[in-house]
Amino acid sequence: MIKPVDILIVGVGGQGTVLASKILAQVGLEIGVDVKVSEIHGMAQRGGSVVTQVRFGQKVHSPIIKKGGADIILAFEKLEALRWLDYLSGDGQIIVNDQQIDPMPVIMGAVQYPQGILDTINNSAANTLVIDALTLAKEAGNIKTANVVLLAILARQLDVPKEVWLKALENIVPAKFFEVNRKAFELGYK
Amino acid sequence: MKNLLSGNEAIARGAYEAGVTVATAYPGTPSTEIVETVAKYPEIYSEWAPNEKVALEVGIGASIAGARVLVAMKHVGVNVAADPLFTFSYTGVNGGLVLISAGDPGMHSSQNEQDNRYYAKFAKVPMLEPSSSQEAKDMVKAAYLLSETFDTPVMVRTTTRIAHSQTPVDTEKRQECQLKEYVKNPKKYVMIPAYGRMRHKVVEERRMALEKESDASPWNRIEWGDKKIGIITSGINYQYVKEAAGSASILKLGMINPLPKKVITEFVSQVDEVYVVEELEPFIEEQVKSWGLSVIGKDVFPRTGEFSPELIAEKLLGQTGAEEAAAAAEQPIPVRPPVLCPGCPHRGMYYVINKLKLKVTGDIGCYTLGALPPLEAMDSCICMGASIGTALGMEKARGKEFGQKLVAIIGDSTFMHSGITGLLDVVYNKGTTTTIILDNRTTAMTGHQDNPGTGYTVNKEETVEVDLLNLVKALGIKRVIEVDPYDLDKVEEILKEETVADEPSVIIAKRPCALLDKSVQPPMAIDQDKCTGCKRCMKLGCPAIVLDGEEITINYTQCNGCELCIQVCRFDAIGKAGDK
Ligand SMILES: Cc1ncc(C[n+]2csc(CCOP(=O)(O)OP(=O)(O)O)c2C)c(N)n1
Ligand code: SF4
């Protein structure tokens, strides 16, 4: 069994974080660990901040992760990475998609989108990985597969065979989209 | 292998395994997925009722007729269903009935965070509260036995963190359940005063029997640990306590109404100091204190919002609970509130309302997002259906002239939920209120459920589609106009006319939610040579129109091609991306 791991998946409503966490949770079940997933939907499609918490372990109690408790943060957007940074543990890893989505207060010019987010993160996190998932998703053939590209990057960090991931992917995405998603996964996993 | 189920899916599964044959609900976060899941079982008749009161009434009928029934709603939905609930407690059931009440501490998606445990005590019905999906499923099954044994509806309470957390569940086979015999029994089911008085006595006897049951219930259990600290808790907080203070002695309550007085008294006597860890109100604490026992609760724990393992560690053990974290960001982080989607049919209406400087009594749905910047086009929003009555009240208080600068805004699902009676009042009491029904052909906010106006049932079977126009006319409204909310000029013309009319009018703005209409339109682009930077288009509050340095641009990945911005621009600077 892999050691207990707490993963935070953060992003903007509509980016596909929910699907990514579904696949991740399915993988947890496959490898026989206790799994708890907590997500807040409701506003998920309206462009608000979204967060899903996924915990693997021998026995997991709380479905929510403590501040400073996340072993990995998978951030689909830069500002969201920054927002949740204090959930990352001292020796944790943060994977950041190099994408900027302006929230309404920025669009209106009421506040500025923070500059140099990637530097800030790099300076404070023990381990930072920056990914251009949109480009890889385009290469796979559909920009909407950026979530699966990011999931594949996460998959690389966990000690679980690739076949298990692909099987979970196949179980969860609709059959007609499996091929393009598989391609996206391969591109991210490379 | 176990299945990973959300609390809601587990409740649905529990109902299925318990042999339920009728399920009714009105959607509401975080309860919606319960009946969405149940509807997939062909053995169970499922429906979206127009509102929670009707949902419960259909459930009551099915129970009296002998079926096992599931009824589900969000916490505020129980307010709407409270009237039948209180008297149904008197009549009791024939087939077992379980009412799910899904609360939302922290108000992730609600207008208040009321604590519905009081409903169980108030209506004198038992209430169970699960701590995981497995328990949710098992408790629902147990609740049917409780319901039929004690002749009472049973409430099961969840909160967002139970309803929307997925945890592993063992599933079992369905137990088919025969319909109970139906026998006419007016002394039990016809609550005229003479019979009601007799039933109230039965309810009191039942309450005492349930107190004994709670003391014997396997759902209330003690996990002995360190006896210096004892913790009484339930629901999701049990999990937080296990995480934050797992070595303490814990009394985990699963049956929270009535409380197990003997078990609690025994527990309190065995430990040095007792904390009650409960979100929101001191429901357990106050009762325990009323028995003369000494416990600590709301003196240290907040009465608002959600708890977390950190909060519990801090209050109980004086630790911060947080582990060593990566250095937090020092820059201020802009908030990211939800917004109306690109192409949302509600947007244009607010744009025109702002242009005409109208006041708005609002209602609950996606269109409530129009209250946020930059639209900020809402003066009030209280509960579902309140917009129309509130508008009438304002007009009656401040006079007709004030009423002419005021509109009530309400969605299609909300209008059918509880707006019709408000409109009836406008007609009956000679108001001149202008009501705008935003008919986006769905219940969008809660995830696109069908409603009586869409022409489809919960199973996507075709059914009669309410004729809104004629419904409104039949109430006595003479001025009813349908308009496409994408046609801004037309909307403006109609609004100007109707707000000043000396009689009530209803404007039906009809266009499907942008997420329902899957046809792809070409995105827009701004011709920078023509753009004067006046920012008029930005008043639409569309997330696809952004300021990129000095330039206003349209984010092509976000734009849905609704073309509202073309109509708004006075310099002809916006067009389809290919053309400009
Ligand atoms: C009593 C009650 N029941 C349920 C809800 C949950 N809820 C919030 S908005 C909404 C319906 C919105 O539908 P509609 O009025 O058609 O507006 P739309 O979201 O489609 O714009 C529901 C069911 C609630 N807030 N209160
Ligand atoms: S889901 Fe539909 S109704 Fe709701 S904001 Fe988006 S487009 Fe508008």
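What you see is a predicted model, and the numbers here were worked out from it, not measured in a lab.

A.B. asks: Can you walk me through the interface of chain A and chain B in this structure?
C.D. replies: The figure often quoted for interface size is the accessible area lost as the parts come together. Between chain A and chain B, the contact holds 56 residues from the first and 60 residues from the second. Looking at the side of chain A facing chain B, the largest losses of area belong to Arg46(A), Lys66(A) and Met104(A), adding up to 16% of the total buried there. Joining chain A to chain B, the criterion identifies 3 salt bridges. Put simply, Glu77(A) and Arg336(B) hold a salt bridge, and the shortest N to O gap is 3.0 Å. Where chain A meets chain B, there are 15 residue pairs in polar contact (both at pLDDT 80 or more). Elements represented by at least two residues in the side of chain A that touches chain B include exactly α1 (17-30), β2 (34-39), β3 (49-57), α2 (78-83), β5 (88-97), α3 (104-107) and α4 (117-124) of chain A. Grouping the constituent residues of the side of chain A that touches chain B by class yields 23 nonpolar, 19 polar and 14 charged. Looking at chain direction, β2(A) and strand β8 (residues 165-169) of chain B are connected through 2 bridges and run antiparallel. When the bridges of β8(B) are listed, Val37(A) appears paired with Gln166(B).

A.B. asks: For this particular structure, what's the right way to read the site of ligand 1?
C.D. replies: All names here are of chain B. Near ligand 1 lie 26 residues; those nearest to it are Glu-52, His-346, Asp-412, Thr-414 and Ala-444. In this structure, Asn-440 approaches ligand 1 through a side-chain N or O atom, which is 2.9 Å from an oxygen atom. Within the contact set of ligand 1, an oxygen atom lies 2.9 Å away from a backbone nitrogen or oxygen of Met-445. Here ligand 1 loses 97% of its free accessible area of 580 Å² to cover by the protein chains. Elements with a contribution of two residues or more to the shell around ligand 1: α4 (75-91) and α17 (412-428). If you tally residues by element for the shell around ligand 1, the top one is α17, at 4 residues. Taken domain by domain, the makeup of the shell around ligand 1 includes at least three residues from each of domain 1 (2-216) and domain 3 (346-510).

A.B. asks: What am I meant to see in the site of ligand 2 here?
C.D. replies: Neighbouring ligand 2 are Arg46(A), Leu340(B), Cys341(B), Cys344(B), His346(B), Cys366(B), Asn440(B), Ala444(B), His448(B), Cys513(B), Ala514(B) and Leu515(B). In this structure, ligand 2 sits where chains A and B come together, each supplying nearby residues. The residue makeup of the shell around ligand 2, split by class, is 8 nonpolar, 3 polar and 1 charged.

A.B. asks: Which parts of the structure should I look at to understand the confidence of the model for chain B?
C.D. replies: Where the model shows low pLDDT, its predicted coordinates should not be examined in detail. Overall, the prediction assigns chain B a mean pLDDT of 96, with 98% of residues at 70 or greater. Listed scores for the predicted complex are pTM 0.97 and ipTM 0.95.

A.B. asks: It is not clear to me how the sheet that holds strand β9 (residues 221-223) of chain B should be interpreted in this structure. Could you clarify?
C.D. replies: Residue and element names in this part refer to chain B. The mixed open sheet is built from 4 strands, whose spatial order is β9-β11-β10-β13. A single partner strand is all that each edge strand has here, and the edge strands are β9 and β13 (273-277). Along the sheet, successive strands turn relative to each other by an average axial angle of 20°, direction set aside. When β9 meets strand β11 (residues 248-253), the two strands line up antiparallel, connected through 3 bridges. Pairing of Ile-222 across the sheet is with Leu-251, part of β11.

Conventions we followed
- Residues numbered from 1 in each chain as written.
- Chains lettered and ligands numbered in written order.
- Predicted model: local features only at pLDDT ≥ 70, side-chain atom pairs only at ≥ 80, totals over all residues.
- Heavy atoms only, no water.
- Contact = heavy atoms within 4.5 Å.
- Buried area = accessible area lost by both parts, 1.4 Å probe.
- Salt bridge = Lys/Arg side-chain N within 4 Å of Asp/Glu carboxyl O.
- Polar contact = N/O pair within 3.5 Å; in protein donor to acceptor, adjacent residues only side chain to side chain.
- Helix = DSSP H or I, 4+ residues; strand = E, 2+ residues; numbered from the N terminus.
- Nonpolar A, V, L, I, M, F, W, Y, C, P; charged D, E, K, R; others polar.
- Pairing = 2+ DSSP bridges.
- Near = heavy atom within 4 Å.
- Areas by Shrake-Rupley, 256 points an atom, 1.4 Å probe, with all protein chains shown as cover.
- Domains from an automatic or database assignment.
- pLDDT = per-residue confidence, 0-100.
- Axes fitted to C-alpha atoms, helices over the stretch in contact; angles between N-to-C directions.

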